[in-house]
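Each chain is listed here by its residues.
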Amino acid sequence: MSGRLEAGQMVFVADGELGIGAVREVRPGSSEFVVHIQNGGDFVLPMDAVADVHFGKVILRVDRLPQAVRDAMRHPHDDEIRASTYAATDPRDGALKE
């Protein structure tokens, strides 16, 4: 990780993709943090689910996320984007266009 994980940072599954949520809390002295996934809710994630932190962006390792988080990430922008254009389900590239 090149940067420091902090509350309020936007969360992504890949550079160049739309943000899917934000870090709500970093638990000091713990190896966990809380992320809010838009249209999905809050989830506690292990620090090893973070691929990188740079320029205020947190990039997640999709292959290290529990299935419940992947499911929540399927349609984070349904309220803004009417078409089903984004899903974070493919661990190989971080995102799958439907």
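Note on numbering: residues in each chain are counted from 1, in written sequence order. pLDDT decides what is reported in this predicted model: residues at 70 or higher carry local features, side-chain atom pairs at 80 or more are listed and counted, and totals for whole chains, interfaces and linings draw on all residues regardless. Hydrogens are left out, water is left out, and the side-chain values use all remaining heavy atoms of the structure.

## Observations concerning the overall build of the chain
Logical step 1: Within the chain, the secondary structure is distributed over one helix and six strands.
Logical step 2: Per-residue burial for the chain yields a buried fraction of 39% across its 98 residues.
Logical step 3: Working rule for contacts: check all heavy atoms of both residues, and any pair within 4.5 Å makes them a contact. Within the chain, contacts between residues separated by at least 24 positions form 38% of all contacts whose residues are at least 6 apart in sequence.
Logical step 4: Accessible area for the chain stands at about 5,300 Å²; split by element, carbon and sulfur atoms hold 50% of it. Helix and strand definitions follow DSSP, with helices as H or I runs of at least four residues and strands as E runs of at least two, each counted in order from the N terminus. Each residue is placed in one exposure class: buried if its accessible area under a 1.4 Å probe, protein chains only, is under 20% of its type's maximum, exposed if it is over 50%, and partly exposed if it falls in between. We get accessible surface area from the Shrake-Rupley algorithm with a probe of 1.4 Å; when it comes to residues, only the shown protein chains can shield them.

## A word on unusual backbone geometry
Logical step 1: Phi at Asn39 is positive, roughly 60°, even though this residue is not glycine.
Logical step 2: At Phe55, a residue that is not glycine, the phi angle is positive and equals roughly 50°.
Logical step 3: Along the polypeptide, Phe55 turns up in the loop between strand S5 (50–54) and strand S6 (57–60).

## A few points about the side chain of Gln9
Logical step 1: With respect to the element layout, Gln9 can be found in the segment before strand S1 (10–12).
Logical step 2: A residue is classified by how much of its surface remains accessible, and Gln9, at 10% relative accessible area, is buried.
Logical step 3: We define a polar contact as two N or O atoms separated by no more than 3.5 Å, with the added condition that, inside protein, one atom must be a possible hydrogen donor and the other a possible acceptor, whereas residues neighbouring each other in sequence contribute only through side-chain atom pairs. Polar side-chain contacts of Gln9 include one of 2.6 Å to the backbone nitrogen of Glu6.
Logical step 4: Non-local contacts of Gln9, meaning those with residues more than four positions away in its chain, are made with Arg4, Gly21, Ala22, Val23, Val53, Gly56 and Val58.

## Concerning the pattern of salt bridges
Logical step 1: For this analysis, a salt bridge means a side-chain nitrogen from Lys or Arg found within 4 Å of a carboxyl oxygen belonging to Asp or Glu. What the rule picks out here adds up to five salt bridges.
Logical step 2: Across the pair Asp15 and Lys57 runs a salt bridge whose closest N-O atoms are separated by 3.1 Å. Of the two residues, Asp15 is situated in the loop between S1 and strand S2 (21–26) and Lys57 in strand S6; the sequence distance between them amounts to 42 residues.
Logical step 3: For Asp15, a relative accessible area of 49% translates into the label partly exposed.
Logical step 4: One salt bridge connects Glu32 with Arg27, and the closest N-O pair in it is separated by 3.3 Å.
Logical step 5: Residue Arg27 is classed as partly exposed on the basis of its relative accessible area, which comes to 26%.

## Things to note about the confidence of the model for the chain
Logical step 1: The pLDDT score gives, residue by residue, the confidence of the prediction method on a 0 to 100 scale. The share of residues in the chain with pLDDT of 70 or more is 73%, and the mean pLDDT across the chain is 81.
Logical step 2: Averaged over each element, pLDDT in the chain is lowest for helix H1 (residues 67–72) (87) and highest for S2 (96).
Logical step 3: Overall, residues 93–98 carries pLDDT values under 50, and its contacts beyond four positions in sequence, including any with other chains, amount to 23 contacts.

## Regarding the nonpolar core
Logical step 1: Phe33, Leu45, Val58 and Leu60 are the most contacted members of the largest nonpolar core, which has 20 residues in total.
Logical step 2: Looking at this core, the elements with two or more residues in it are strand S3 (32–37), strand S4 (41–46), S5, S6 and H1.
Logical step 3: Looking at which element gives the most residues to this core, the answer is S3, with three residues.
Logical step 4: Apart from residues no more than four positions distant in its own chain, Leu60 is found in contact with Val11, Phe12, Val13, Ile20, Phe33, Leu45, Ala49, Val50, Ala51 and Leu65. Here, nonpolar core refers to any group of buried Ala, Val, Leu, Ile, Met, Phe, Trp, Tyr and Cys residues whose side-chain atoms link them within 4.5 Å.

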